[in-house]
Amino acid sequence: MTLRKIITLMTITFMMSLSTLNADSTLEEIQERGKLILGTSGGMAPMTRALKSGGAAGFDIDLAEIVAQAMGVELEIKVIPFDKLLDAVEDEKVDLAISNITMTPERNMKVAFVGPYFVSGKCFVSKDPELSKTQNAMMFNNTNRSIAVLEGSTSETFVKVLMPHAKRIAVTDDLAGAKLVEEGKADALLSEYPTCALIVNSNPKAEFGSLFTTLTYDPIGIAVNGEDAHMINWMQNFILRVQASGLLEKIAVKWMGDLAQISR
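Quick caveat: nothing in here was measured; it's all calculated off a predicted structure.

*Asks:* Looking at this structure, I do not really get the state of the cysteines. What am I missing?
*Replies:* In protein chemistry, a disulfide is the covalent bond that joins the sulfur atoms of two cysteines. For the structure on display, the rule yields 1 disulfide. Paired through a disulfide, Cys-123 and Cys-196 show a sulfur-sulfur distance of 2.5 Å. Disulfide Cys-123-Cys-196: the torsion about the S-S bond is 135°, which places it as right-handed. One end of the pair, Cys-123, is in strand S8 (residues 122-126); the other, Cys-196, is in helix H9 (residues 193-202), and 73 residues separate them in sequence. By relative accessible area, which is 0% here, Cys-196 ends up buried.

So this is what it looks like as structure tokens:
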């Protein structure tokens, strides 16, 4: 079955589920305004990348588009710094956030998570062959090493906790971190394996290296307001359906190639 047919069938099914909404439900508000408001960082390609023309593109954005189609509404994208996304969800400035967000207990104290819709993990990108192939993060735990990390991310926390002696360089965009590595201003970038794969594959002249055996287990989820049980329930059922349909795999191939070829 084609990607278009899968989306069409799912849209019909979920539109039927919206016919009996509870009063004061986020779902009802979305229906009334005719828009699903998405929060995303736009700085974690290939999951989410901000466009110069406005909006964003990537795996996460395609997923959000399908959510909006299933609700029968348009998608409005708000590009927000990663470390401000959960506040935006909590303060109801956005209906949900999809931005390669690892579901951690700390974050779960602020918002509810639906998923995981994807499982990732940390890996290094470096021009140093030894560093790029390491599975031992302690190789970086000394004052002579510098690591670029996305500000407010679990990668930043990973370095703070496990490599406290390393010089930590916070960036607002993973691609900016890769640029620092390419220019010799950082020894490595620590990020999620889809991002590492994209950076290595799309910059052959930079001579980046990375071992795609992940250093951590990072379940990626959709952040929603924890006070709306109906919204959480609807979203969880949606994720179960897209997983069972094979739709997530089709989106992954579109943005990341054949993930089966990447050792995990």
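Past the structure itself, the notes keep going.
*Asks:* I'm lost on helix H7 (residues 154-162) in this one. Help?
*Replies:* Each α-helix turn comprises 3.6 residues. Residues three or four places apart therefore point the same way. Looking only at H7, the buried set comprises Thr-154, Ser-155, Glu-156, Phe-158 and Val-159. For H7, the elements touching its buried residues are strand S6 (96-102), helix H5 (105-108), S8, strand S9 (146-150), strand S10 (167-171) and strand S11 (188-192). N-capping of H7 is provided by Ser-153, with a side-chain oxygen placed 3.3 Å from the backbone N of Ser-155.

*Asks:* Any chance you could explain the sheet that holds strand S2 (residues 43-44) here in plain terms?
*Replies:* Strand pairing in a sheet relies on backbone hydrogen bonds, with the paired strands running either antiparallel or parallel. Spatially, 3 strands are ordered S2-S3-S4 in an open sheet, and the strand pairing comes out antiparallel. Every interior strand has two partners, whereas the edge strands, S2 and strand S4 (56-57), have only one. Both strand S3 (residues 48-50) and S4 contribute to a ladder of 2 bridges, which runs antiparallel. Bridging from a neighbouring strand, Ala-50 pairs with Ala-56 of S4.

*Asks:* How should I be thinking about the packing of helix H3 (residues 59-71) against helix H11 (residues 247-256) in this particular structure?
*Replies:* Axis angle and axis distance: for two packed helices, these are the angle between their axes and the distance between the axes, and together they describe the pair. Remark: H3 packs on H11, axes separated minimally by 9 Å, with the N-to-C direction vectors making an angle of 145°. Between H3 and H11 the crossing geometry is right-handed. The segment H3 lies against H11, with Phe-59, Asp-62, Leu-63 and Ile-66 engaging Leu-247, Leu-248, Ile-251, Ala-252, Lys-254, Trp-255 and Met-256. Residues belonging to the contact of H3 with H11 are distributed by class as follows: 9 nonpolar, no polar and 2 charged.

*Asks:* Would you explain the pattern of salt bridges in this entry?
*Replies:* Should the charged atoms of two oppositely charged side chains come close, the side chains can pair. Applying the stated criterion to the full structure yields 9 salt bridges. A salt bridge links Arg-33 to Asp-95, with the nearest nitrogen and oxygen atoms 2.6 Å apart. Placement of Arg-33 in helix H2 (residues 26-33) and of Asp-95 in the loop between helix H4 (85-90) and S6 is noted, with a sequence separation of 62 residues between them. Here Asp-95 falls in the buried class, since its relative accessible area comes to 8%.

*Asks:* Honestly, the packing of helix H10 (residues 229-245) against H11 in this entry has me stumped. Any pointers?
*Replies:* Two numbers describe how H10 lies on H11: the axes approach to 4 Å, and their chain directions differ by 70°. Here H10 is positioned roughly perpendicular relative to H11, judged by the angle of their axes. Of H11, the residues touching H10 (which contributes Val-242, Gln-243 and Ser-245) are Leu-247, Leu-248 and Glu-249. Grouping the constituent residues of the contact of H10 with H11 by class yields 3 nonpolar, 2 polar and 1 charged.

*Asks:* Sorry if this is basic, but what is going on with the side chain of Ser-155 here?
*Replies:* The topology assignment puts Ser-155 in helix H7. The buried category is assigned to Ser-155, whose relative accessible area is 4%. Apart from the residues lying within four places of it in its own chain, the contact partners of Ser-155 are Lys-122, Val-149, Leu-190, Ser-191 and Glu-192.

*Asks:* Can you walk me through the side chain of Ser-191 in this structure?
*Replies:* Topologically, Ser-191 is positioned in strand S11. Classification of Ser-191 as buried rests on a relative accessible area of 2%. Polar side-chain contacts of Ser-191 include one of 3.2 Å to the side chain of Asp-174. Once you skip the residues sitting within four places of it in the chain, Ser-191 turns out to touch Gly-121, Lys-122, Cys-123, Ser-155, Asp-174 and Cys-196.

*Asks:* In this structure, what is going on with unusual backbone geometry? I would like to understand it.
*Replies:* For residues besides glycine, phi is generally negative; the peptide bonds are generally trans as well. Put simply, Ala-45 and Pro-46 share a cis peptide bond, and its omega is 10°. Inspection of the secondary structure assignment puts Pro-46 in the loop between S2 and S3. Note the cis peptide between Gly-115 and Pro-116, where omega equals 10°. Among the secondary structure elements, Pro-116 is positioned in strand S7 (residues 112-120). The phi torsion at Glu-92 lies on the positive side, around 60°, for a residue other than glycine. Positive phi is not limited to glycine here, since Asn-100 has a value of about 55°. Looking at the element boundaries, Asn-100 is found in strand S6.

*Asks:* Which parts of the structure should I look at to understand the nonpolar core?
*Replies:* Soluble globular proteins: nonpolar side chains tend toward being buried together. Within the largest apolar cluster, 53 residues are counted, with the highest numbers of intra-cluster contacts made by Met-71, Tyr-117, Ile-222 and Met-235. Element by element, the count of residues in this core is highest for H3, at 9 residues. Apart from residues lying up to four places away in sequence, Ile-222 is in contact with Leu-63, Leu-96, Ala-97, Ile-98, Ala-112, Phe-113, Val-114, Tyr-117, Met-235 and Ile-239.

Calculation notes
- Residues numbered from 1 in each chain as written.
- Predicted model: local features only at pLDDT ≥ 70, side-chain atom pairs only at ≥ 80, totals over all residues.
- Heavy atoms only, no water.
- Disulfide = S-S within 2.5 Å.
- Helix = DSSP H or I, 4+ residues; strand = E, 2+ residues; numbered from the N terminus.
- Buried < 20%, exposed > 50% of the residue type's maximum accessible area, 1.4 Å probe, protein only.
- Contact = heavy atoms within 4.5 Å.
- Polar contact = N/O pair within 3.5 Å; in protein donor to acceptor, adjacent residues only side chain to side chain.
- Pairing = 2+ DSSP bridges.
- Axes fitted to C-alpha atoms, helices over the stretch in contact; angles between N-to-C directions.
- Left-handed = near helix turned anticlockwise from the far one by under 90°.
- Nonpolar A, V, L, I, M, F, W, Y, C, P; charged D, E, K, R; others polar.
- Salt bridge = Lys/Arg side-chain N within 4 Å of Asp/Glu carboxyl O.
- Parallel < 35°, antiparallel > 145°, perpendicular 65-115°, else oblique.
- Core = buried A, V, L, I, M, F, W, Y, C linked by side-chain atoms within 4.5 Å.

Without other data, these values stay purely geometric and don't point to any function.
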